[in-house]
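If you want the building blocks of each chain, they are given just below.
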Amino acid sequence: MSFTVIIPARLAATRLPNKPLADIGGKPMVVRVAERAALSGARRVLVATDHQDIAAACRQSGIEVQLTRADHPSGTDRIAEAAAAIGLPDDETVVNVQGDEPLLDPDLIRATAALVGPQVPMSTAAHPLHEMADVLNPNVVKVVLDSQSRALYFSRAAIPWHRDGYARSMEQLPPGHVVLRHIGLYAFSHRFLRAYPQLPPSPLEQVEALEQLRVLWHGHSIAVHVTDRVPHAGVDTIEDLERVRRIISAGMA
C-alpha cells in the first residue's frame, strides 16, 4: 500500500497564535506532527503551508514542504493544491493529517489510508463513546455507519438515538448501544481530492457546519475505520499545548 501524508499548516490562529511553530520539547509542533506521520509507513510526508516561517522551520528539520496560496477556505483545499503541485498520480492515496495533532497514532493513519480504493474515494476514522455527556455534546461529532462500515451520516446530534433506552434514562448509555465519535483524519484518492474543491457546498454541510457532509450529499462513499483506542486530543489552546509538552517530556508518546 502506497500513500502520501500532507499536513496543512497556516500561521494564523485565533486561540493560539503561531500554533504550528509552538515549541514542543525543542521542536516546532508542525515538525513533531510530520515526524509522527512518517512512522505510519507513508511513502512521502510533506507540509503544505502559505507562510515562509513554517516552510523555513520544516526545511531546517529536513521536512519536505510545499508553499501554497494563502486564500484556501479549508485544509482540504490546501492539500489538494499541494498534491497537484508535486505531481502525484491519480491513484495515489493522500492522507490529510492536521497540523495540530503531534500525538496522532501512526497506526491510525495507516489503517485509514488502507480503506481508500476504486469504489471508495475517501476514508476517515471513529471510536466508540462511553460517556453520555460526550454523546449529547454538539462539539463532539458523531457518525453512523452502514453494514460495510461506510458513513451514512455525520452529525453533532446524538445519533443513533436509542428511543427506548433514552426514554428510560439519559444518565448513561444503554447496554450494548454504540455511539461513534468521528476522528478528524481523512484519506482521499488523489483523483477525488482534485475533484473535491469543485463540489458545491451542501445544505446539510452548512446546517451542521461539517464539511464531510458535502461528500455524502453528492453521492460519494466514505469508509470509516473504527478503533477502540481513544486518540489524544489536538492542540487548540495553551492548556492543550502544555498537556502535550508534558506527555512528550515524559516519553509517553
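What you are looking at is a predicted structure, and each value in this text was computed from that prediction instead of being measured.

**A few points about the pattern of salt bridges**
Oppositely charged side chains are able to pair whenever their charged atoms sit close together.
So, point 1. Counting across every chain of the model gives 15 salt bridges.
So, point 2. In this structure, K19 engages D100 in a salt bridge whose closest nitrogen and oxygen atoms are separated by 3.1 Å. Pair noted here: K19 is in the loop between β1 (3-9) and β2 (23-24) and D100 is in the loop between β6 (93-96) and α4 (106-113), with a separation of 81 residues, a long-range link.
So, point 3. Taking relative accessible area as the criterion, D100 reaches 15% and is therefore assigned buried.
So, point 4. A salt bridge links D107 to R110; the nearest nitrogen and oxygen atoms lie 2.3 Å apart. One end of the pair, D107, and the other, R110, are both in helix α4, three residues apart, so they sit about a helical turn from each other.
So, point 5. We classify D107 as partly exposed; its relative accessible area is 38%.
So, point 6. Taking the relative accessible area as the measure of exposure, R110 reaches 31% and is therefore partly exposed.
So, point 7. Salt bridges linked by common partners bring D105, D107, R110 and R229 together as one network.

**What to know about helix α3 (residues 75-85)**
So, point 1. Those residues of α3 not exposed but buried are T76, D77, R78, I79, A80, A82 and A83.
So, point 2. Lining the buried residues of α3 we find β1, β4 (44-49), β5 (64-67), β6, β10 (180-189) and α7 (190-195).
So, point 3. Just past α3, the residue G87 takes up positive phi, approximately 70 degrees.

**Thoughts on the environment of D236**
So, point 1. In this structure, D236 sits in the loop between β11 (222-226) and α10 (238-249).
So, point 2. The spacing of D236 and D146 is 90 residues in sequence and 32 Å in space, taken between C-alpha atoms.
So, point 3. Apart from the residues within four sequence positions on either side, D236 is in contact with R15, L16, K19 and D100.

**Some words on the packing of aromatic side chains**
So, point 1. Inspection of every chain in the model, using the stated rule, returns four aromatic pairs.
So, point 2. Arranged with centres 6.5 Å apart and planes meeting at 65 degrees, the rings of F192 and Y196 form a pair that is edge-to-face. In this structure, F192 and Y196 share a single accessibility class: buried.
So, point 3. Here the aromatic residues Y186, F188, F192 and Y196 are joined through ring pairs into a cluster of three or more.

**Observations concerning unusual backbone geometry**
So, point 1. Between I159 and P160 the backbone carries a cis peptide bond, its omega angle lying at -10 degrees.
So, point 2. Its location among the elements puts P160 in the loop between β9 (151-155) and α6 (163-168).
So, point 3. The backbone phi angle of N18 is positive, close to 55 degrees, even though this residue is not glycine.
So, point 4. Structurally, the position occupied by N18 is in the loop between β1 and β2.
So, point 5. For N18, a relative accessible area of 41% corresponds to the partly exposed category.

**So, the nonpolar core**
So, point 1. Membership of the largest hydrophobic core comes to 39 residues, with the highest contact counts inside it found for V5, I7, V47, V95, V97, I109 and L185.
So, point 2. Those elements that place two or more of their residues in this core are β1, α1 (29-38), β4, α2 (52-60), α4, β10 and α10.
So, point 3. Looking at which element gives the most residues to this core, the answer is α1, with six residues.
So, point 4. In contact with V47, not counting residues within four places along its chain, are I7, A9, V30, I54, C58, I63, E64, V65 and Q66.
So, point 5. Membership of the second largest hydrophobic core comes to 29 residues, among which are A48, M122, A126 and A151.

**A few points about the side chain of T112**
So, point 1. Mapping T112 onto the fold places it in helix α4.
So, point 2. At 2.8 Å, the side chain of T112 and the backbone oxygen of L108 are in polar contact.
So, point 3. Ignoring anything within four residues of it in the chain, the contact list for T112 reads S123, T124, A125, L185, A187 and H225.

What counts as what
- Residues numbered from 1 in each chain as written.
- Predicted model: local features only at pLDDT ≥ 70, side-chain atom pairs only at ≥ 80, totals over all residues.
- Heavy atoms only, no water.
- Salt bridge = Lys/Arg side-chain N within 4 Å of Asp/Glu carboxyl O.
- Helix = DSSP H or I, 4+ residues; strand = E, 2+ residues; numbered from the N terminus.
- Buried < 20%, exposed > 50% of the residue type's maximum accessible area, 1.4 Å probe, protein only.
- Contact = heavy atoms within 4.5 Å.
- Phe/Tyr/Trp six-rings, centres within 6.5 Å; stacked < 30°, edge-to-face > 60°.
- Core = buried A, V, L, I, M, F, W, Y, C linked by side-chain atoms within 4.5 Å.
- Polar contact = N/O pair within 3.5 Å; in protein donor to acceptor, adjacent residues only side chain to side chain.

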